[in-house]
Amino acid sequence: MLMIDLKGKHALVAGVADDKGYGFAIAKALIEAGARVSVGTWPPTWNIFKMLLSRGKLDDSRRLSDGTLLTFENIYPLDAAFDTLEEVPEEIRTNKRYKDVGDFTLEGLVHNLKKDGGEKPLDIVVHSLANGPEVQNPLLETSRSGYLAAVNVSAYSLVAMVHRLAPLMAPGGAFLALSYLAGQRVIPGYGGGMSSAKAALESDVRVLAHEAGRRHQVRVNCISAGPLASRAASAIGAIDRMVEYVAQNAPLGDKLTAAEVGQTAAFLCSPLASGITGSVVYVDKGYHAMGMPRDQSLL
Ligand SMILES: NC(=O)c1ccc[n+]([C@@H]2O[C@H](COP(=O)([O-])OP(=O)(O)OC[C@H]3O[C@@H](n4cnc5c(N)ncnc54)[C@H](O)[C@@H]3O)[C@@H](O)[C@H]2O)c1
């Protein structure tokens, strides 16, 4: 029997702060496949997430197929906008949500991972984070700082993570990022430079696959996922309509679940996908293949 077997592997999923998004579903699938999973959580949500977990608020979502509850190896504070503490503006460093969490930069993450797991603590890294402060603005009305903030957090952070984390991985390791069709096609409402960030992310996946593949023998792939009403996506405003529209018009007519993205992620991060790198894999019920909305009279 061919099975996804991640026993003995340690994964970091960056961008988990509740049970509603793709990061949580991917973490769960990796654990179902036998991996140990740590998460990276944005400091403003770090304490709330830990409280939700400890108070049992996420227990339904944490339930695994064998009846036990999913647990994370570690919950690391991570603001992927920053490489080192020196570059963090004073008002963020002293903010009440940041000042007591320790070093939340990528350098701090590397330090924490090595402290907890030695020189090669990782096998899998999932980049499941994005932020576009002006996502509700059309690109035409996006400020320079809003655009650069979107690209910094949502795209450059992958470059920085591969740069800093690939040396912590044994050969055969796998990176995975999450993209959206808006990087390839026009999605009205997905503004603020987020479409630009996803286009950059997909291009970076290809270039990083080559560079980190040759230098560190790791793979870099990306899932282009269909719309999901996660916490981040609710900032877009029209997410429920987007989910409905895809269900009505995709080749497969049922709603996409986060678990389906999680299962594909587990495959792509597993040795079964050892020949796949530099790829954008669509997990969207086939919506990306359509050229016009479905029309009953034409079927
Ligand atoms: N929800 C969708 O419709 C959809 C579709 C395709 C792709 N995606 C992508 O999936 C990924 C996960 O998003 P999601 O929709 O599941 O939402 P989510 O809210 O579960 O995840 C986004 C996470 O990013 C974190 N984050 C924001 N800024 C950060 C920063 N500076 N440093 C570290 N973490 C930060 C948030 O705290 C949150 O945990 C994103 O890359 C998103 O663009 C989402």
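The following paragraphs examine the structure supplied in this document. Every value quoted in this text rests on a predicted model; they were computed, and no experiment measured them.

### Considerations on the packing of helix α1 (residues 22–32) against helix α10 (residues 258–268)
Two numbers describe how α1 lies on α10: the axes approach to 8 Å, and their chain directions differ by 50°. The orientation of α1 relative to α10 falls into the category oblique. Relative to α10, α1 is oriented so that their crossing is right-handed. For the pair α1 and α10, the contacting residues are Tyr22, Ala25, Ile26, Lys28, Ala29 and Leu30 in the first and Ala258, Ala259, Val261, Gly262, Gln263, Ala265 and Ala266 in the second. Tallied by class, residues from the contact of α1 with α10 come to 10 nonpolar, 2 polar and 1 charged.

### Regarding the site of the ligand
Contacts to the ligand come from 28 residues, most closely from Gly21, Leu129, Leu178, Ser230 and Ala232. At the level of elements, α1, β5 (169–179) and α8 (231–234) are the ones that each hand at least two residues to the shell around the ligand. A total of 3 residues in the shell around the ligand trace back to one element, the largest contributor, which is α8. Residue composition of the shell around the ligand, grouped by class: 17 nonpolar, 8 polar and 3 charged.

### Some thoughts on helix α5 (residues 106–117)
Residues spaced three or four apart along an α-helix point in a common direction, a consequence of the helix completing one turn every 3.6 residues. Its 12 residues give α5 an end-to-end C-alpha distance of 16 Å, which sits within 8% of 16 Å, the value for a rise of 1.5 Å per residue. Along α5, the residues classified as buried are Leu106, Gly108, Leu109, Asn112 and Leu113. Looking straight down α5, one finds its buried side chains confined to an arc of 150°; they lie on one side. Looking at the packing, one finds that the buried side of α5 touches β2 (36–41), β3 (75–77), β4 (122–127) and α6 (144–165). Looking at the residues trailing α5, positive phi occurs at Gly118, about 85°.

### Focus on the environment of Leu268
Assignment of secondary structure puts Leu268 in helix α10. Taking the C-beta count within 10 Å as the criterion, Leu268 has 25 such neighbours and is therefore assigned buried. Through-space distance from the C-alpha of Leu268 to that of Phe175 is 8.9 Å; in sequence the pair is 93 residues apart. When sequence neighbours within four positions are dropped, the list of residues in contact with Leu268 reads Ala174, Leu176, Asn221, Ala273, Ile276 and Val281.

### Section: the packing of α6 against helix α7 (residues 194–216)
Contact pair α6 / α7: the axes reach a minimum separation of 9 Å and the direction vectors enclose 15°. Considering their axes alone, α6 and α7 lie roughly parallel with respect to each other. When you trace α6 past α7, the crossing you get is right-handed. Along its contact with α6, which presents Tyr147, Ala150, Val151, Ser154, Ala155, Leu158, Val159 and Val162, the element α7 presents Met194, Ser196, Ala197, Ala200, Leu201, Asp204, Leu208 and Ala212. Tallied by class, the residues present in the contact of α6 with α7 amount to 13 nonpolar, 2 polar and 1 charged.

### A short note on the sheet that holds β2
Taken together, the 7 strands give an open sheet; going across it, the order is β3-β2-β1-β4-β5-β6-β7, and neighbouring strands pair in parallel fashion. Lying at the two open borders of the sheet, with one neighbouring strand each, are β3 and β7 (280–283). The average undirected angle you get between the axes of adjacent strands in this sheet is 20°. Bridge count for β2 against β3 is 3 bridges, and the pairing is parallel. Bridge pairing in β3 places Val39 opposite Ile75.

### Quick notes on the environment of Ala289
One can find Ala289 in the segment after β7. Along the sequence, Ala289 and Ala17 sit 272 residues apart, while their C-alpha atoms lie 32 Å from each other.

### Focus on the nonpolar core
Generally speaking, a soluble globular protein has its nonpolar side chains buried in company with each other. Within the largest apolar cluster, 89 residues are counted, with the highest numbers of intra-cluster contacts made by Val13, Ile26, Leu30, Leu176 and Ala265. In terms of residue count, the dominant contributor to this core is α6 (10 residues). Residues contacting Leu30, with those up to four places away along its chain left out, are Leu6, Ala11, Ala35, Val37, Ile124, Ala266 and Cys269.

Reading guide: rules and limits
- Residues numbered from 1 in each chain as written.
- Predicted model: local features only at pLDDT ≥ 70, side-chain atom pairs only at ≥ 80, totals over all residues.
- Axes fitted to C-alpha atoms, helices over the stretch in contact; angles between N-to-C directions.
- Helix = DSSP H or I, 4+ residues; strand = E, 2+ residues; numbered from the N terminus.
- Parallel < 35°, antiparallel > 145°, perpendicular 65-115°, else oblique.
- Left-handed = near helix turned anticlockwise from the far one by under 90°.
- Contact = placed C-beta atoms within 7 Å.
- Nonpolar A, V, L, I, M, F, W, Y, C, P; charged D, E, K, R; others polar.
- Near = placed C-beta within 6 Å.
- Expected span 1.5 Å × (residues − 1).
- Buried ≥ 20, exposed ≤ 12 C-beta atoms within 10 Å, placed from the backbone.
- Arc of directions from axis to C-beta.
- Pairing = 2+ DSSP bridges.
- Core = buried A, V, L, I, M, F, W, Y, C linked by C-beta atoms within 7 Å.

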